[in-house]
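Single-letter residue listing:
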Amino acid sequence: MGYLIISAVFIVLAVLLTLWVIKLLFKKSWFLGWLRGTFGIVLLFSVFVLGSMAYDVYSYKQLESEQNIATISFVSLGDQHFSASFVENGRSQETFELHGDQWQLDSRIIKWKGVFSRLGLKTGYRLDRISGRYLLLSDEQTKKRTVYPVVESVTGIDVWHWLKQSENDSLVDARYGNSTFLPMVDGGQYQISVSSSGLLARPLNQPAIDAVEQWR
């Protein structure tokens with residue numbers, strides 16, 4: 001709910017700026033016409049930025065506590081080559097071809113502090129990318145690497161990146177939440193959950209359990 005409110009604030013600001021631009025550009029006076037036009041273009045760009053920020057923030061989900069968010073299962077396509085079927089709760093299935101011995105899912109975490117935390121804003125997350133990795137360094141250096149975005153940016157505005165680059169983390173902490181690399185195995189299935197510290201992955205069936213035990 002908190003991220004919906006933040007997005008709504010950006011949208012309201014964008015609408016107000018749009019109305020102001022319309023009023024400014026359609027004034028009949030020609031004396032400051034060029035300046036009004038230039039300023040109007042700047043304001044229109046600001047509307048685009050605010051709208052893009054609203055969309056980007058809206059893509060984050062509020063985290064109440066540790067919760068299950070997705071499952072991933074694997075089918076072998078060959079030596080160190082797997083089809084990974086990824087199903088996020090409430091979304092359709094996506095399939096990725098991963099090369100390697102292990103898989104990892106990355107997320108983006110936004111943790112609010114100080115006054116924002118007291119206002120009730122809770123930690124938010126957004127799944128970011130999935131990748132494969134080889135156990136042997138020689139394989140990592142010479143064989144095909146695979147990484148795919150789970151959620152792609154549509155507008156090009158990245159609020160999380162801005163927050164992460166900020167030197168002041170007293171109000172918000174933006175960081176990666178990585179699940180540990182776990183083995184890919186034919187028929188293996190894993191449950192993925194998220195907490196304020198990041199992602200967790202647990203084997204769901206016997207092939208995955210056996211693969212994790214052998215790997216350890």
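Residues numbered from 1 in each chain as written. Predicted model: local features only at pLDDT ≥ 70, side-chain atom pairs only at ≥ 80, totals over all residues. Heavy atoms only, no water.

**Student:** Describe the overall build of the protein, listing the residues and the values that go with them.
**Tutor:** Per the secondary structure count, the protein includes 6 helices and 11 strands. Sorting the 216 residues of the protein into buried and exposed places 42% on the buried side. Within the protein, contacts between residues separated by at least 24 positions form 61% of all contacts whose residues are at least 6 apart in sequence. Element-wise, carbon and sulfur atoms account for 60% of the exposed surface of the protein, whose accessible area totals about 12,500 Å². (Helix = DSSP H or I, 4+ residues; strand = E, 2+ residues; numbered from the N terminus. Buried < 20%, exposed > 50% of the residue type's maximum accessible area, 1.4 Å probe, protein only. Contact = heavy atoms within 4.5 Å. Areas by Shrake-Rupley, 256 points an atom, 1.4 Å probe, with all protein chains shown as cover.)

**Student:** Now, about helix 6 (residues 206-215): what can you tell me, with residues and values included?
**Tutor:** Regarding helix 6, the residues found buried are Ala208, Ala211 and Val212. Projected onto a plane normal to the axis of helix 6, the buried residues spread over an arc of 95° and lie on a single side. The outward face of helix 6, more than 90 degrees from its buried face, is lined by the exposed residues Glu213 and Gln214. Against the buried residues of helix 6 lie strand 9 (182-183), strand 10 (189-195) and strand 11 (198-203). (Arc of directions from axis to C-beta.)

**Student:** So, unusual backbone geometry: which residues are in play, and what are the values?
**Tutor:** Unusually for a residue other than glycine, Gln80 sits at a positive phi of about 55°. By relative accessible area, Gln80 is classed as buried at 13%.

**Student:** Could you give me a rundown of the side chain of Thr146, with the residues and numbers involved?
**Tutor:** If you trace the backbone, Thr146 turns up in the loop between helix 4 (137-142) and strand 7 (147-149). With relative accessibility at 5%, the residue Thr146 sits in the buried group. For Thr146, the side chain forms a polar contact with the main-chain nitrogen of His99, separated by 2.9 Å. With residues near it in sequence (within four places) discarded, Thr146 still touches Glu97, Leu98, His99, Ile130, Ser131 and Gly132. (Polar contact = N/O pair within 3.5 Å; in protein donor to acceptor, adjacent residues only side chain to side chain.)

**Student:** How would you explain the pattern of salt bridges if you had to name every residue and give the values?
**Tutor:** Taken as a whole and assessed by the stated rule, the structure comprises 3 salt bridges. The shortest N-O distance in the salt bridge between Arg129 and Asp106 comes to 3.0 Å. On the criterion of sequence distance, the pair formed by Arg129 in strand 6 (residues 124-133) and Asp106 in strand 5 (residues 102-112) is long-range, its members being 23 residues apart. Here Arg129 falls in the partly exposed class, since its relative accessible area comes to 34%. Across the pair Lys143 and Asp139 runs a salt bridge whose closest N-O atoms are separated by 3.6 Å. For Lys143, a relative accessible area of 35% corresponds to the partly exposed category. By relative accessible area, Asp139 is classed as buried at 11%. (Salt bridge = Lys/Arg side-chain N within 4 Å of Asp/Glu carboxyl O.)

**Student:** So what about the environment of Phe96? Which residues, and what values?
**Tutor:** With respect to the helices, strands and loops of the structure, Phe96 is situated in strand 4 (residues 93-99). Here Phe96 falls in the buried class, since its relative accessible area comes to 7%. Sequence-wise, Phe96 and Phe74 are 22 residues apart; in three dimensions their C-alpha atoms are separated by 9.7 Å. Every residue in contact with Phe96, bar those within four places of it in the chain, is listed here: Phe82, Ser83, Ala84, Phe86, Ile130, Tyr148 and Pro149.

**Student:** Could you give an account of the sheet that holds strand 3 (residues 81-88), naming the residues involved and the relevant values?
**Tutor:** Taken in spatial order, the 5 strands line up as 4-3-2-10-11 in an open sheet, and their pairing is antiparallel. What marks the edges here is a single partner per strand, and that holds for strand 4 and strand 11. On average, each strand axis in the sheet is inclined to that of its neighbour by 25°, with strand direction left out of account. Of the pairings in the sheet, the one linking strand 2 (residues 67-78) to strand 10 comprises 6 bridges and is antiparallel in character. Residue Ser73 lies in a different strand from strand 10, and its bridge partner there is Gln189. (Pairing = 2+ DSSP bridges. Axes fitted to C-alpha atoms, helices over the stretch in contact; angles between N-to-C directions.)

**Student:** Can you break down the nonpolar core residue by residue, with the values?
**Tutor:** If you look at the biggest cluster of nonpolar residues, it comprises 24 residues, and the most contacted ones within it are Ile72, Phe74, Phe86, Trp103, Leu105 and Ile192. Among the elements of the structure, strand 2, strand 3, strand 4, strand 5, strand 6, strand 10 and helix 6 are those that each provide at least two residues to this core. Per element, the largest residue contribution to this core is 4 residues, and it comes from strand 2. (Core = buried A, V, L, I, M, F, W, Y, C linked by side-chain atoms within 4.5 Å.)

Worth remembering: the numbers are spatial, not functional.
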